[in-house]
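Residue-level structure breakdown
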There are 2 protein chains.
Amino acid sequence: MIPFPKATLPNKCSTCVLGQFCLPIGLTSDDLNKVDELVKERISLKKGERLYRHGNAMSSVYSIRFGTLKTEHVLPDGRLQIIGFHLPGEILGLDAIGEGQHQSDAVALEDSEACVIRFDEFESLARQIPVLQHQFHRILSRELTQDQRHLLSLGSLRAEERLAGFLLNLSERLAARGYVNHEFDLRMSREEIGSYLGIQIETVSRMLSRFAESGLIQIKQRHVKLIDMEGLCELAGLPKPNQPQEIKICT
Amino acid sequence: MIPFPKATLPNKCSTCVLGQFCLPIGLTSDDLNKVDELVKERISLKKGERLYRHGNAMSSVYSIRFGTLKTEHVLPDGRLQIIGFHLPGEILGLDAIGEGQHQSDAVALEDSEACVIRFDEFESLARQIPVLQHQFHRILSRELTQDQRHLLSLGSLRAEERLAGFLLNLSERLAARGYVNHEFDLRMSREEIGSYLGIQIETVSRMLSRFAESGLIQIKQRHVKLIDMEGLCELAGLPKPNQPQEIKICT
DNA sequence: CGAGCGTTTGAAATCGGTCAACAGCAGTGG
DNA sequence: CCACTGCTGTTGACCGATTTCAAACGCTCG
C-alpha cells in the first residue's frame, strides 16, 4: 500500500501520474515540456533523512514524487512542533522564499523522493506561463488555508475533535490521490500525531481507543479503517451532509 | 497614537509612506507608476466593519493603508478562532486565491482603510515586473512562516509563553513600521488576544497581571510598556532580542 | 451619575499532562 | 524455535495548568 510506487513513475512531469495534484495542472503539452526541463534533479530520501533543515539556504522548492514527509520546528529547549504531514504532489519549501532560508526541517517518514524545482528558474517560467503562475499562487494560498485550519484546530478544539479532524483530513487527501478514503496506513507514529495536534502521545492513544470502542473507527497498529464517517465529522465540528447539529460526545 | 493617520497618506503607492512595508518594495519609479494604476479603489472601514466574509467570492486582495484588522474563522457552534492581527502594509485576502472564495472573515479593530488590488490585473502586472512577482512570493511565504510560528505557539507553548511571544511579535512589527518598540496600545480586547492565543480571557488577564508584578511589563488598560524585553524573550522561549542566532540541530 | 461592558480576581472543577507499569511486535542471535 | 532486547503503543492513577463559574471592579459614555 505504498502510494505511487517508484516503478510506475516516469521521470517527466508531462507523463507523471501526479500531474493533476502537482504544480502543472491545466498546462498545455507544450508548456508541460518546459516544466520538464525545469525539473532536472530528484532527491531520494530514506526514512528519517532530511530534505532540508532550518537555516539552510534556499534555492529550490520540492514536489513530493512518492512517500510522506513531515515538516517541523524545533525550539531551543528541545520541544518540537510538527507543522504538517505532506503527501505526493504537495510542494515543500515554500516557507523559505521570504527569508531565503528554510524555516523548518523536512523529514521523510518513509522512503521518499522529491523533484527539485530551481526557484529562480521557476519564477522566470511562471512569468511566461500565466496558468502556471496562477497555479503556483493557488498552491501557496491553499497552504495558507491548510495552516489556518490547523490553527483553528489547535486554538479552539478539544483533543477528541482535533484527532477526528486529523483522521478526516488525512482521509480526504488520500482519497483525492485515488485511494479508498476510509482505510489507510498511518505513516506517522502516535508521538508525531500528538505533536502535530498539540496533545500528548497518551492522549492520542486513549482517544483512538475510545473512537474504536464507540465504533467510529477500527484501528490495529497503524492501520486505520474509518467506519462512521458522519460520526467523525460531527465529532470534528465539521458541517457534514444534512446536519450541522450539536456535537455528540461518546463516553 | 493612530498609525499613519489618513491625512498624511497620499493616494498613490509611489509616494505612500508604506512603500517599504507593502507590495512595491524595490520597484523602479516607472514600475511604481504601473502599480499606482492597478490600485484604483480604496475601502474605508469603521471599527467592527468587515472587509470580507467567509464564502465571499474573491476578486481582489487588499493592502492595509491604516488601521488594524483581525481575520477569524467561525465554527458552526459559535466558537471562533482569530487567525491573525494585521497592521498597515500587510496584504489581506491571500487565503482566498486557492478556492476563489474568502476562507475567513476580516474585521476592522479600529477605523481603517485598505487598498483594493484586482488580483487578475495584479498577476498580469507581476508577469511583467519580476521584482514585483518575487516580492509577492515573499509576502505569501512570510505569511506562511507567520502562521507556522503561530502553530508552534498554540501547539507547544504554555499560556505564559504564548502571551510573551505575542507581545514581542506585536512590538517587533510595530517597530518595523517606525514606532518605538517598547510601548504601544493594544487594538484588540483581552478576549481577542485569548482567541488568538487559544487561551481564555481570564488567563490572559492573569498572565498580564503576573508579568506586571514581575516587572516585565507595565500595563494600564490597553496601553502596554515592555520593560524587560530580555526577560520576555526568555519566557517566550526565544533567543535574546535583536540577535538572530542559528539553531543547531543534533542528529 | 448610573448603566453596561470589559477586565480583574478568587475559588472550584476538569481536561489533558505526567508518571509509571505493562503489553505487543520486530529484530537479533543463540 | 525461543529467549532477549528495544521500541512503540496502551492503560491506569494521580496531578496540575488552565478552564469554568462567580463576583467585584473600573472605565466609558449617554
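Because the structure is predicted, anything quoted here is derived from the model rather than measured.

Some points on the domain arrangement of chain A
Quoted interface sizes are often the accessible area lost when the parts come together. Residues and elements named next belong to chain A. According to the domain assignment, chain A contains domain 1 (16–153) and domain 2 (158–236). Contacts between domain 1 and domain 2 engage 18 residues on the former and 13 residues on the latter. Summed over both partners, the interface of domain 1 with domain 2 buries about 1500 Å², with 52% contributed by carbon and sulfur atoms. Across the contact surface, domain 1 and domain 2 share four salt bridges. Put simply, the parts of the chain that give the side of domain 1 that touches domain 2 at least two residues each are strand 5 (80–86) and helix 3 (130–156). Tallying contributions element by element places strand 5 first for the side of domain 1 that touches domain 2, with seven residues. Tallied by class, the residues present in the side of domain 1 that touches domain 2 amount to eight nonpolar, seven polar and three charged.

Describing the pattern of salt bridges
Residues and elements named next belong to chain B. A full pass over the atoms with the stated rule returns 34 salt bridges over all chains. For Glu 90, the salt bridge goes to Arg 177, with nearest N and O atoms at 3.5 Å. Highlighted residues: Glu 90 in the loop between strand 5 (80–86) and strand 6 (91–92) and Arg 177 in the loop between helix 4 (159–176) and strand 9 (183–185), separated in sequence by 87 residues. A single burial state applies to Glu 90 and to Arg 177, both of which are buried. The salt bridge involving Arg 158 is made with Glu 160; its shortest N-O contact spans 3.7 Å.

As for the protein's contact with DNA strand D
If you check the shell around DNA strand D, you find 16 residues, and the closest are Arg 190, Ser 205 and Ser 209 of chain A together with Thr 203 and Arg 206 of chain B. One of the side-chain nitrogen or oxygen atoms of Arg 206 of chain A is found 2.9 Å away from a base nitrogen of DNA strand D. One of the side-chain N or O atoms of Thr 203 of chain B is found 2.5 Å from a phosphate oxygen in DNA strand D. Breaking the surface near DNA strand D down by element, the ones donating at least two residues are helix 6 (201–213) of chain A together with helix 6 (201–213) of chain B. By residue class, the composition of the surface near DNA strand D is three nonpolar, six polar and seven charged.

Details of the sheet that holds strand 4 (residues 69–74) of chain B
All names here are of chain B. Spatially, the four strands line up as an open sheet ordered 2-7-4-5, and their pairing is antiparallel. Both edges of this open sheet fall to strand 2 (50–52) and strand 5, since each of them pairs with a single strand only. If you compare each strand with its neighbour and ignore which way they point, the axes differ by 30 degrees on average. Examined bridge by bridge, strand 2 and strand 7 (residues 105–108) share two bridges and lie antiparallel to one another. Paired with Arg 50 across the two strands is Val 107, which belongs to strand 7. Packing of helix 5 (residues 190–197) onto the sheet brings it into contact with strand 4 and strand 5, and relative to strand 5 it is tilted by some 100 degrees.

Concerning the relation of the copies chain B and chain A
One copy of the chain maps onto the other through a rotation about an axis plus a displacement along that axis. At an RMSD of 0.0 Å, chain B and chain A line up after a rotation of 180 degrees and a shift of 0.0 Å along the axis. Expressed as a symmetry operation, the mapping of one chain copy onto the other fits a two-fold axis. Taking the C-alpha atom as reference, chain B places Arg 127 of chain B closest to the rotation axis, 2.2 Å from it.

Overview of the nonpolar core
Core analysis: the largest hydrophobic core is formed by 56 residues, its most contacted members being Leu 23, Leu 94 and Phe 122 of chain A together with Leu 23, Leu 94 and Phe 122 of chain B. Sorting the residues of this core by element identifies helix 1 (29–38), strand 8 (112–118), helix 2 (119–128) and helix 3 of chain A together with helix 1 (29–38), strand 8 (112–118), helix 2 (119–128) and helix 3 (130–156) of chain B as the ones contributing at least two each.

Looking at the protein's contact with DNA strand C
Near DNA strand C you find 16 residues, and of these Ala 159 and Thr 203 of chain A together with Arg 190, Ser 205 and Ser 209 of chain B are the closest. Across the atoms of DNA strand C situated within 4 Å of the protein, the share located in sugar and phosphate is 64%. Within the side chain of Ser 205 of chain B, one N or O atom sits 2.7 Å away from a phosphate oxygen of DNA strand C. Residue contributions to the surface near DNA strand C peak at four residues, all from helix 6 of chain B. For the surface near DNA strand C, a count of residues per class yields two nonpolar, seven polar and seven charged.

Side note on the packing of aromatic side chains
Residue and element names in this part refer to chain A. On inspection of all chains with the given rule, the structure shows 14 aromatic pairs over all chains. Their ring planes at 25 degrees and their centres at 6.0 Å tell us that Tyr 52 and Tyr 62 sit as a pair that is stacked. Taken as a pair, Tyr 52 in strand 2 (residues 50–52) and Tyr 62 in strand 3 (residues 60–66) lie far apart in primary sequence, ten residues in all. Summarising the aromatic geometry, the rings of Phe 166 and Tyr 196 are spaced 5.6 Å apart at their centres and angled 55 degrees between planes, so their arrangement reads as tilted. Here the residue Phe 166 occupies a position in helix 4 (residues 159–176), and Tyr 196 occupies one in helix 5 (residues 190–197), the gap between them amounting to 30 residues. The class for Tyr 196 is buried, based on a relative accessible area of 8%. Site record: aromatic cluster; members linked through ring pairs are Phe 85, Phe 166 and Tyr 196.

About the cut-offs
- Just so you know, the residues in each chain are numbered from 1, in the order the chain's sequence is written.
- As a convention, the first chain written is A and the first ligand written is 1, with the rest following in written order.
- Per-residue local features are limited, in this predicted model, to residues with pLDDT of at least 70; the limit for side-chain atom pairs, both in listing and counting, is 80 or more; totals at the level of whole chains, interfaces and linings are taken over all residues.
- The basis for the side-chain values is all heavy atoms of the structure; hydrogens and waters are excluded.
- The start and end points of each domain follow an automatic or database-based domain assignment.
- Any pair of residues with heavy atoms lying within 4.5 Å of one another is described as a contacting pair.
- Throughout, buried area stands for the accessible area (probe radius 1.4 Å) lost by two parts on being put together, summed over both.
- Throughout this description, the term salt bridge denotes a Lys or Arg side-chain nitrogen within 4 Å of a carboxyl oxygen of Asp or Glu.
- In DSSP terms, a helix is any run of H or I states spanning at least four residues, a strand is any run of E spanning at least two, and both are numbered starting from the N terminus.
- In this classification, Asp, Glu, Lys and Arg are treated as charged, Ala, Val, Leu, Ile, Met, Phe, Trp, Tyr, Cys and Pro as nonpolar, and every other residue, Gly included, as polar.
- Using a 1.4 Å probe on the protein chains alone, a residue whose accessible area is under 20% of its type maximum counts as buried, one over 50% counts as exposed, and one in between counts as partly exposed.
- A molecule or strand has a residue near it when one of that residue's heavy atoms lies within 4 Å.
- In protein, a polar contact requires one atom able to donate a hydrogen and another able to accept it; more generally it is a pair of N or O atoms within 3.5 Å, and residues adjacent in sequence count only if both atoms are side-chain atoms.
- Any two strands with at least two DSSP-identified bridges between them are counted as paired.
- Axis lines are fitted through C-alpha atoms, for helices just across the contact stretch, and the angle between N-to-C directions can take any value from 0 to 180 degrees.
- All copies are superposed by least squares; the fitting set is the C-alpha atoms of residues with a pLDDT of at least 70 in both.
- The criterion is simple. A nonpolar core is a set of buried Ala, Val, Leu, Ile, Met, Phe, Trp, Tyr and Cys residues joined through side-chain atoms within 4.5 Å.
- Pairing of aromatic rings covers Phe, Tyr and the six-membered ring of Trp, with a centre-to-centre limit of 6.5 Å; geometry is then stacked below 30 degrees between planes, edge-to-face above 60, and tilted otherwise.

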